[in-house]
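Residue strings, one per chain:
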Amino acid sequence: MVLINDNDLKPLYFTMAVAALSFLIKRAYQSTDVYDFFNIKKKCNPFPQSQSELVDLLHYQKRMVFNKSIIETLKYVDRKLFLENENVENPYYDEPKPIGYNATISAPHMHALMLDLLADRIPMSNGVALDIGSGSGYVTACLARLMGCTGRVIGVEHIPELIERSAESIKRLDSTLLDTIQFLVGDGIKGWKELKYDIIYLGAAIESLQVARELIDQLKNGGRIVMPVGKSNDFHELMVVDKNQDGIVSIKSLGVVRFIPLTSKENQLNPQNIPNATKVTNINGEKTLIRCEVIPAPDSNSNNSIKEFESLLNQNK
Ligand code: SAH
């Protein structure tokens with residue numbers, strides 16, 4: 001028989017207590033509130049009537065956003081201020097809304113998901129972000145809030161009237177955000193070569209990875225791009241491009257989404273091109289209504305081409 005002295009167990013008790021305590025501290029740090037802490041499902045209004053209800057729906061129910069600072073930022077940046085006008089119906093519903101010029105403000109879940117994907121790469125200070133196809137300015141405002149007063153955010157948009165309106169919306173929300181934002185009228189496909197970026201957000205779909213190469217070149221080591229990729233009227237794939245500290249690029253596809261394309265101004269303003277936020281698509285013989293939701297890729301065979309493109313980019317590193 002082996003006798004265990006209580007004193008022998010003391011180090012074990014101590015280690016267990018420290019482990020439990022550090023688990024609780026970590027959990028408290030990551031949780032937004034008691035619901036998160038205790039993992040309780042919060043009841044959410046499926047038809048949100050306020051920004052706060054909308055973000056709760058995206059966080060607790062749709063599970064689109066987890067990062068605490070992104071959640072706080074989404075609550076701060078009130079979507080209603082970024083819509084085409086004050087009379088738009090149901091401003092807080094989780095759906096894209098027209099903003100004129102054949103463009104839409106993306107659905108809130110898409111803003112939430114894409115910003116959440118960028119969260120880890122947002123530097124504590126002196127960060128630089130690029131928002132391509134800035135449209136309503138919603139994402140530009142979020143990025144400026146997240147980057148803080150030492151950050152810098154460049155918004156590129158090819159419709160000058162949208163830039164004007166987005167600057168007004170941001171001013172109504174919090175005019176200090178404009179101190180760190182610079183809007184540029186131009187073709188977002190090329191990015192803006194004057195700077196290198198920690199994060200790049202594409203609010204419209206880029207045709208292919210090859211076309212995105214210029215943007216990948218503008219990414220800093222350690223940076224991340226989140227972008228929809230695909231030809232204008234197809235499904236697009238939501239891709240995450242990472243550049244590590246040695247400049248090696250890795251690309252991941254997360255699934256299928258539907259955006260408006262990055263295109264020429266003439267093509268976008270052509271009255272025959274309606275915004276494709278919602279479409280009827282044939283999936284396995286069934287008519288399916290598609291919104292900008294992430295759904296499992298029905299026909300994604302991009303993994304091989306992603307690998308090929310990665311090795312092309314990384315061959316001299
Ligand atoms: N994140 C924005 C998305 C707006 S929709 C939001 O939620 O409001 C996409 C935007 O891309 C539109 O405003 C459209 O005018 C713009 N766009 C399309 N092609 C472009 C291009 N080649 N260069 C710059 N902007 C472009």
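In the annotation of an unreviewed UniProt entry, the chain is listed under the name protein-L-isoaspartate(D-aspartate) O-methyltransferase and assigned to Dictyostelium firmibasis. Entered under Sequence similarities (unreviewed entry) in the UniProt record, the comment concerning the chain runs "Belongs to the methyltransferase superfamily. L-isoaspartyl/D-aspartyl protein methyltransferase family."

(A) Quick look at the overall build of the chain. Along the backbone of the chain there are 10 helices and 11 strands. In the chain, buried positions account for 46% of the 317 residues. Long-range pairs, those at least 24 residues apart, make up 61% of the contacts in the chain between residues at least 6 apart in sequence. Of the roughly 16,700 Å² of accessible surface on the chain, 52% is carried by carbon and sulfur atoms.

(B) Expanded view of the environment of I199. Mapping I199 onto the fold places it in strand β6 (residues 197-202). I199 sits in the buried class, given a relative accessible area of 1%. With 24 residues separating them in the primary sequence, I199 and G223 have C-alpha atoms 5.6 Å apart. Setting aside anything within four residues of it in sequence, one finds I199 in contact with L118, R121, I122, V128, A129, L130, L143, M147 and R224.

(C) Representation of the site of the ligand within the structure. What surrounds the ligand is a group of 24 residues, the closest being H111, S136, E157, G188 and T263. Take S106: an N or O atom from its main chain is 3.0 Å from an oxygen atom of the ligand. For the ligand, an oxygen atom lies 2.6 Å from a polar atom in the side chain of S136. If the ligand stood free it would expose 570 Å²; the protein chains cover 100% of that surface. Judged by its atoms lying within 2 Å of the grid points, the ligand is housed in the largest cavity. In terms of residues, the shell around the ligand owes the most to one element, strand β2 (residues 103-105), which gives three residues. A per-class count over the shell around the ligand returns nine nonpolar, 13 polar and two charged.

(D) Representation of the pattern of salt bridges. Taken as a whole, this structure holds 10 salt bridges when the rule is applied. When the shortest N-O distance is used, the salt bridge between D242 and R121 registers 3.7 Å. Taken together, the residues D242 in strand β8 (residues 236-243) and R121 in the loop between α5 (108-118) and β3 (128-132) connect sequence positions 121 residues apart. A relative accessible area of 26% places R121 in the partly exposed class. Between K220 and D198 there is a salt bridge, with its nearest N and O atoms 3.0 Å apart. One end of the pair, K220, is in strand β7 (residues 219-229); the other, D198, is in strand β6, and 22 residues separate them in sequence. Judged by relative accessible area, K220 falls into the partly exposed class, the value being 26%.

(E) Fine view of the packing of aromatic side chains. By the definition in use, this model includes two aromatic pairs. Aromatic pair F47 and Y93: ring centres 5.6 Å apart, planes at 45°, arrangement tilted. Placement of F47 in the loop between α2 (34-37) and α3 (51-61) and of Y93 in the loop between α4 (68-76) and β1 (97-100) is noted, with a sequence separation of 46 residues between them. Look at F47 and you get partly exposed, because its relative accessible area is 48%. Both rings, one in F82 and one in Y138, keep their centres 5.4 Å apart while their planes meet at 80°; by these two values the pair is edge-to-face. On the criterion of sequence distance, the pair formed by F82 in the loop between α4 and β1 and Y138 in helix α6 (residues 138-147) is long-range, its members being 56 residues apart.

(F) A look at a nonpolar patch on the surface. A cluster of nonpolar residues, V34, Y35, F38 and I40, forms a patch on the protein surface that exposes about 390 Å² of accessible area. Mapped onto the elements of the fold, Y35 is located in helix α2.

(G) Spatial organisation of the pairing of strand β4 (residues 152-157). The element β4 is largely enclosed, with a buried count of five among its six residues. Examined bridge by bridge, β3 and β4 share five bridges and lie parallel to one another. Along β4, the bridge assignment pairs V128 with R152. Following the chain from β3 across α6 to the adjacent parallel β4, one finds a crossover that is right-handed. Summarising the sheet, β4 and strand β5 (residues 181-185) pair through five bridges and their orientation is parallel.

(H) Local environment of the sheet that holds β7. Sheet architecture is open: seven strands sit in the order β5-β4-β3-β6-β7-β8-β9, paired in mixed fashion. Edge positions in the sheet fall to β5 and β9 (249-257), since each of these pairs with one other strand and no more. When the angles between neighbouring strand axes are averaged without regard to direction, this sheet yields 15°. Alignment of β6 against β7, held across four bridges, turns out to be parallel. Bridging across to β7, I199 finds its partner in R224. Packed on one face of the sheet, α5 meets β6, β7, β8 and β9 and runs near 160° to β6. Its contacts with the sheet put α6 on β3, β4, β5 and β6, and the angle it makes with β3 is roughly 170°.

About the thresholds
- Residues numbered from 1 in each chain as written.
- Predicted model: local features only at pLDDT ≥ 70, side-chain atom pairs only at ≥ 80, totals over all residues.
- Heavy atoms only, no water.
- UniProt positions renumbered as here; feature names shortened; annotations may be inferred.
- Helix = DSSP H or I, 4+ residues; strand = E, 2+ residues; numbered from the N terminus.
- Buried < 20%, exposed > 50% of the residue type's maximum accessible area, 1.4 Å probe, protein only.
- Contact = heavy atoms within 4.5 Å.
- Areas by Shrake-Rupley, 256 points an atom, 1.4 Å probe, with all protein chains shown as cover.
- Near = heavy atom within 4 Å.
- Polar contact = N/O pair within 3.5 Å; in protein donor to acceptor, adjacent residues only side chain to side chain.
- 1 Å grid on protein atoms, 1.4 Å probe; cavity = no way out; pocket = protein on both sides within 12 Å on 5 of 7 lines; lining within 4 Å.
- Sits in = over half its atoms within 2 Å of the grid points.
- Nonpolar A, V, L, I, M, F, W, Y, C, P; charged D, E, K, R; others polar.
- Salt bridge = Lys/Arg side-chain N within 4 Å of Asp/Glu carboxyl O.
- Phe/Tyr/Trp six-rings, centres within 6.5 Å; stacked < 30°, edge-to-face > 60°.
- Patch = residues over 30% accessible without salt bridge, like charges linked within 9 Å, V, L, I, M, F, W, Y side chains within 5 Å.
- Pairing = 2+ DSSP bridges.
- Right-handed = clockwise from strand over helix to strand, strands pointing away.
- Axes fitted to C-alpha atoms, helices over the stretch in contact; angles between N-to-C directions.

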